[in-house]
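Descriptive structure summary
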Amino acid sequence: MPYQNCRTGCIVLKNADFGESDRIITLYSPDIGRFAAIAKGAKRSQKRFVNKLEEFSLLDISYRPAKHNRLHFLSEAELKEAFISLRTNWQRYCAAILANELVLRFTGEHDPDRRIFSLLHWLLESLHNGSSPLPTVVFFHLHLLNACGYRPKLEHCAICSCLPDKNRGPSFTLQPGNGTLICSRCSGNAGRSRFALSLQSLKFLQTAQGMTVKKMHRLQMPENIASECLSVLYNYSKYLLQCDIHSWSFFSQLTKKGRGL
Ligand SMILES: [Zn+2]
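Residues numbered from 1 in each chain as written. Predicted model: local features only at pLDDT ≥ 70, side-chain atom pairs only at ≥ 80, totals over all residues. Heavy atoms only, no water.

**Considerations on the sheet that holds strand 8 (residues 180-183)**
Put simply, the rule reads: When DSSP locates at least two bridges between a pair of strands, those strands are taken to pair. Put simply, DSSP H or I for four residues or longer makes a helix, DSSP E for two residues or longer makes a strand, and each gets a number counted from the N terminus. Every residue pair with non-hydrogen atoms within 4.5 Å of one another is taken to be in contact. Where helices are involved, their axes are fitted lines through C-alpha atoms of the stretch in contact, as for all axes, and angles between N-to-C directions lie from 0 to 180°.
Spatially, four strands are ordered 6-8-7-9 in an open sheet, and the strand pairing comes out mixed. With partners counted over all chains shown, the strands left at the sheet margins are strand 6 (153-157) and strand 9 (196-197), one partner each. Here helix 6 (residues 199-209) sits on the sheet in contact with strand 6, strand 7 (172-175), strand 8 and strand 9, set at roughly 130° to strand 6.

Listed below in structure tokens is the structure:
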């Protein structure tokens, strides 16, 4: 029985040349999750695919499902939104490419989650419309971890249950092994680590965890706080993934820490 063409909406996570004339596109769809498709003749085609398969593009595609290998066959692509400014504005590009890499690394193939698609779409649209990259990525990263089952538990110390409180003094550290907080009295270590969170950062992360994307614009996050939150989320994710996140090296230049300030 011949394979039928299927349709879905999706976002381009990554593209790569393949052979002399083809391209392999990695996409995220609310129906299929992350998947790869081959676009035959895409390097030469002036009709079907030109300027459509770039990173961050929102597409409606027609494809034939994979038969014996893991690559679907991309038949047509209709560009719904190019988010052009994400490719022309360096700060927006660094934020968007980090988000794409996080989705690539945290999601499995053919494991769809509509929350992840909506979250990535929201991030691309927000950056394109001028939202500040640092708090936007903090919010995205935190909610992506939640969707993937790695929500950090930031309410209180996992051992003594003490709450983050400016009058009580202990500092807090995220334990990457189980995503819980531990206070300096329980850990016996008041020193700084790459998982240490100031009281202010903890409060922002707690607030962001309880917010929906529609209300996120209400969250005012100073740059130094956003930098600290991002640094801890990056180190936590690196621990979970057991590999580096390559686009962090670009993105971290946007933070105060990355600029050596
Ligand atoms: Zn404690």
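**Regarding the packing of helix 3 (residues 114-128) against helix 4 (residues 133-147)**
Spelled out, the test is: Roughly parallel means an angle under 35 degrees; roughly antiparallel, over 145; roughly perpendicular, 65 to 115; everything else is oblique. Amino acids outside the nonpolar list (Ala, Val, Leu, Ile, Met, Phe, Trp, Tyr, Cys, Pro) and the charged list (Asp, Glu, Lys, Arg) are all regarded as polar, and Gly is one of them.
Here helix 3 crosses helix 4 at 175°, and the two axes come no closer than 10 Å. Taken together, the axes of helix 3 and helix 4 are roughly antiparallel relative to one another. Across the interface between the two elements, R115, I116, L119, L120, W122, L123, S126 and L127 of helix 3 pack against P133, T136, V137, F139, F140, H143, L144 and A147 of helix 4. Here the residues of the contact of helix 3 with helix 4 are counted per class, giving 12 nonpolar, three polar and one charged.

**Section: the environment of G19**
Here is the rule: Exposure classes here rest on a 1.4 Å probe applied to the protein chains alone. A residue is buried below 20% of its type maximum, exposed above 50%, and partly exposed in between.
Mapped onto the elements, G19 comes out in the loop between strand 1 (6-18) and strand 2 (22-29). Looking at G19, the relative accessible area reads 60%, which means it is exposed. Along the primary structure G19 and R7 are separated by 12 residues, whereas in three dimensions their C-alpha atoms are 26 Å apart.

**Regarding the coordination of the zinc ion**
Our working rule: The donor definition counts N, O and S atoms within 2.8 Å of each metal and applies 3.2 Å to Na, K and Ca; water is not among these atoms, so some sites may look incomplete.
Looking at the zinc ion, one finds its protein donor set to be C157 (SG), C160 (SG), C183 (SG) and C186 (SG), positioned 2.3 to 2.4 Å from the metal centre. Donor residues for the zinc ion sit on one chain with the sequence pattern C-x2-C-x22-C-x2-C. Taken together, the residues C160 in the loop between strand 6 and strand 7 and C183 in strand 8 connect sequence positions 23 residues apart. Given the relative accessible area of 0%, C183 is considered buried.

**Notes on helix 3**
Residues that lie three or four places apart on an α-helix share one face, since the helix turns once every 3.6 residues. Quick reminder of the rule: A helix's residues, less one, multiplied by 1.5 Å, set its expected span.
Here helix 3 is 15 residues long and its end C-alpha atoms lie 21 Å apart, about the 21 Å a rise of 1.5 Å per residue gives. Buried-residue contacts for helix 3 involve strand 1, strand 2, strand 4 (58-64), helix 1 (85-88), helix 2 (90-106) and helix 4.

**Quick notes on the pairing of strand 4**
In the case of a regular strand, side chains alternate between the two sheet surfaces. For strand 4, the tally of buried residues reaches five of seven residues, placing the bulk of the element in the interior. Here six bridges tie strand 1 to strand 4, and the two strands are oriented antiparallel to one another. Counterpart to C10 in the pairing with strand 4 is L59.

**Re the packing of aromatic side chains**
The condition that has to hold: Think of it this way: a Phe, Tyr or Trp ring, Trp meaning its six-membered ring, pairs with another when their centres are within 6.5 Å, and the plane angle makes it stacked under 30 degrees, edge-to-face over 60, tilted otherwise.
Per the counting criterion, the structure on display carries eight aromatic pairs. Taken together, a centroid distance of 6.0 Å and an interplanar angle of 40° make the contact between F35 and Y63 tilted. Note that F35 is positioned in strand 3 (residues 33-39) and Y63 in strand 4, a separation of 28 residues in sequence. Judged by centre distance (5.9 Å) and plane angle (85°), the ring pair of W90 and F250 falls under edge-to-face. Highlighted residues: W90 in helix 2 and F250 in helix 8 (residues 248-251), separated in sequence by 160 residues. Clustering of aromatic rings is evident, with ring pairs tying together F56, W90, Y93 and F250.

**Looking at the sheet that holds strand 1**
With mixed pairing, five strands are arranged side by side around a closed barrel as 1-2-3-5-4. Strand-to-strand, the axes of this sheet are offset by a mean angle of 50°, without reference to chain direction. Pairing analysis gives seven bridges linking strand 2 to strand 3, with the strands arranged antiparallel. Bridge pairing links R23 to A39 in strand 3. Sitting on the sheet, helix 2 is in contact with strand 1, strand 2 and strand 3, with an inclination near 105° to strand 1.

**Some points on the nonpolar core**
Note that soluble globular proteins tend to have their nonpolar side chains buried in a common cluster. Let me state the cut-off plainly: Among buried residues, those of type Ala, Val, Leu, Ile, Met, Phe, Trp, Tyr and Cys that are joined through side-chain atoms within 4.5 Å constitute a nonpolar core.
With 65 residues, the main nonpolar core has L124, F140 and F251 as its most contacted residues. If you tally residues by element for this core, the top one is helix 2, at 10 residues. Not counting chain neighbours up to four residues away, the residues in contact with F251 comprise C94, A95, L98, P133, L134, V137 and L230. Counting residues in each nonpolar core, the second largest holds 16 residues, with I25, A42, I61 and Y63 among its members.

**Concerning the pattern of salt bridges**
Operational definition: A side-chain nitrogen of Lys or Arg and a carboxyl oxygen of Asp or Glu constitute a salt bridge if their distance falls within 4 Å.
Counting across every chain of the model gives nine salt bridges. Put simply, E101 and R105 hold a salt bridge, and the shortest N to O gap is 2.7 Å. Of this pair, E101 and R105 are both found in helix 2, four residues apart, which corresponds to roughly one turn of the helix. Residue R105 is classed as partly exposed on the basis of its relative accessible area, which comes to 30%. The partner of R151 in a salt bridge is E155, with the nearest N and O atoms 3.5 Å apart. For E155, a relative accessible area of 36% gives the class partly exposed. Residues joined by salt bridges that share partners form a network here, namely D17, R23 and E54.

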